[in-house]
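The chain contents come next:
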Amino acid sequence: MKKEQLQEMFNAMLNRKLDESWEKPWFVPVNKNSAVTNYKTGQQYKNGNFIFLLFASMFKGFNTLQFMTFKQGLSLGYLVNKGSEGLPVYFYSFSFYKMVGGQRKNLPESPYNSWTTAQLSDAKIVKLPFIKIHHVFNVAQFSDVKTGENLQTVINKTLLDATEDKGNINSNPERTLEGCEKVLTGWECKINLVPGSDRCFYSPIDDYIQLTDRPQFKNNEYFYATMMHEVTHSTEHESRTGRIKKFAESFKNHKQAYAIEELVAEISSAFIMASNNFAPEQQKINSAIYLQGWKESLKEDENLAFKVCGEAYKAISYIAERFPEAVPYFNIKSESHSEVEEVEAVR
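Thresholds, definitions, all that
Residues numbered from 1 in each chain as written. Predicted model: local features only at pLDDT ≥ 70, side-chain atom pairs only at ≥ 80, totals over all residues. Heavy atoms only, no water. Pairing = 2+ DSSP bridges. Helix = DSSP H or I, 4+ residues; strand = E, 2+ residues; numbered from the N terminus. Axes fitted to C-alpha atoms, helices over the stretch in contact; angles between N-to-C directions. Salt bridge = Lys/Arg side-chain N within 4 Å of Asp/Glu carboxyl O. Buried < 20%, exposed > 50% of the residue type's maximum accessible area, 1.4 Å probe, protein only. pLDDT = per-residue confidence, 0-100. Contact = heavy atoms within 4.5 Å.

### Considering the sheet that holds strand β4 (residues 87-100)
Strand order across the open sheet formed by five strands is β1-β2-β6-β4-β5, with mixed pairing between neighbours. Edge positions in the sheet fall to β1 (37-38) and β5 (103-107), since each of these pairs with one other strand and no more.

Okay, here's the thing in C-alpha cells:
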C-alpha cells in the first residue's frame, strides 16, 4: 500500500464519521488490555497510527485495541483468519548516502541514525526521511494454529478479571472522575464555572476556559466531555503545544482553521472519555462552518487527515503527561521512543 492510499483511507474514515448523525461515540471504551498497543511487544502505537487504529476499531467492531503483524502472530502460534484485511500503519524512517567519485553510495542506518546533524554534515552524509508502511491485524483476526481457538477468546479467558468492569458504555453517567476533577482545579489556565451562562469556550487571548455551571449539564458525563473539549483547545496556546500559531500559518482561511481545531478538540475529548469508560452520545453539530471547512480543507491538503490525527495525539499526550489519572491506559513513556525504534518494534 502506498502513502497516497493510506491517506485516502484516513480521509474516507474521517469523512464517514463527519457524515454520521453524531449519535454514536467516536471510540469504543478502552481498558487496561485494550490501549492501542502491539500485542506482542506491548508498545503503544502513537501519532496518527494511534488515532487511525481507534477509528478502524470502531468501524470494524473490534472490542480489543491490540494489533500485530502476520509474522508476529505466527511467532506466537497464531495465524491470521482467512479473508481478514490488515490495517496499514506508517512510520518515519531515514536513509543515508554520500557522494563518492560522483556516484551515490547508500549507507546503512546504523550507526548514522544516531549521529547529530553536525556530524552528518561534517562527514558529508545526506539524511533523507521516508515512510514505511506495515500491515497489522487485530487480535480478533487471529486463531491458534493448533486448536483453532480465536485469540480474542483466549484474551478474554486469561487476561480479563471476571469482576473487572468490562467497558460497558454509559454504565454510570453520574460517576465522578477523579482525574478530570484534578484537571478542573489544577489545569494550567483558569477554568471558570459560570452559573446561568449558556456558553462554553476557551479564550486564547486571555488564556482561560469558561464553562456553564455543572448543574446545567445533563450529567457528569456531558460535563467532563465538554470540559476536556475546551481543555484540549487550551493546549493550542503557544506556551503549550503551540498549535494555534501553526494553524494560523498553515490555514489562511479562518473558517478552515476553526474547523480543524474543532475536530482536534473533539477527537481528543472523545478518546479521553473512552479511556474513562464514558462514551456520551454526541449531539449533531449544526455548524456548517465546521463541516464545510473541514471538507474544503481536505480537498486542498491531502495530508490533512494525518496532520489532524497527529495534533489530536499531541494534545492527548500533553494532557496525559500532566494529569495521567485523567487519561487512563495512555502510555506516556512511548513518547520517548523514536519513530525508527518503533519501526523495528512492530516488524
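### Looking at the sheet that holds strand β8 (residues 190-194)
The three strands are arranged β8-β10-β9 in an open sheet whose pairing can be described as mixed. One side of each edge strand has no neighbouring strand; the edge strands of this open sheet are β8 and β9 (201-203). Across the sheet, the mean angle from the axis of one strand to that of its neighbour is 25°, orientation sign disregarded. Two strands pair when backbone bridges link them, and β8 and strand β10 (residues 208-212) are joined in this way by five bridges, in the parallel orientation.

### Examining the pattern of salt bridges
By the definition in use, this model includes 10 salt bridges. Of the charged contacts in the structure, one is a salt bridge between Lys-182 and Glu-325, with a shortest N-O distance of 3.0 Å. Residue Lys-182 is located in helix α6 (residues 178-186), and its partner Glu-325 is located in the loop between α11 (304-322) and α12 (339-345); the two are separated by 143 residues in the primary sequence. For Glu-188, the salt bridge identified is with Arg-240, shortest N-O distance 3.0 Å. In this pair, Glu-188 is assigned in the loop between α6 and β8 and Arg-240 in the loop between α7 (220-234) and α8 (243-250), connecting sequence segments 52 residues apart. Under the relative-accessibility criterion, Arg-240 is labelled buried at 12%. Among the charged side chains, a network of salt bridges with common partners joins Glu-188, Asp-207, Arg-240, Glu-321 and Arg-322.

### Side note on unusual backbone geometry
Residue Pro-111 follows Ser-110 across a cis peptide bond; omega there is 10°. Within the secondary structure, Pro-111 sits in the loop between β5 and α4 (117-122). With phi around 55°, Asp-207 is a residue other than glycine that occupies positive phi space. Positionally, Asp-207 belongs in the loop between β9 and β10.

### Describing the confidence of the model for the protein chain
Put simply, the protein chain has an average pLDDT of 80, and 76% of its residues get 70 or more. Segment residues 282-289: pLDDT under 50, and 17 contacts once partners within four positions in sequence are set aside and those in other chains are kept. Taken together, the stretch residues 334-347 has pLDDT below 50 and engages in 40 contacts with residues farther than four places along the chain or on a different chain.

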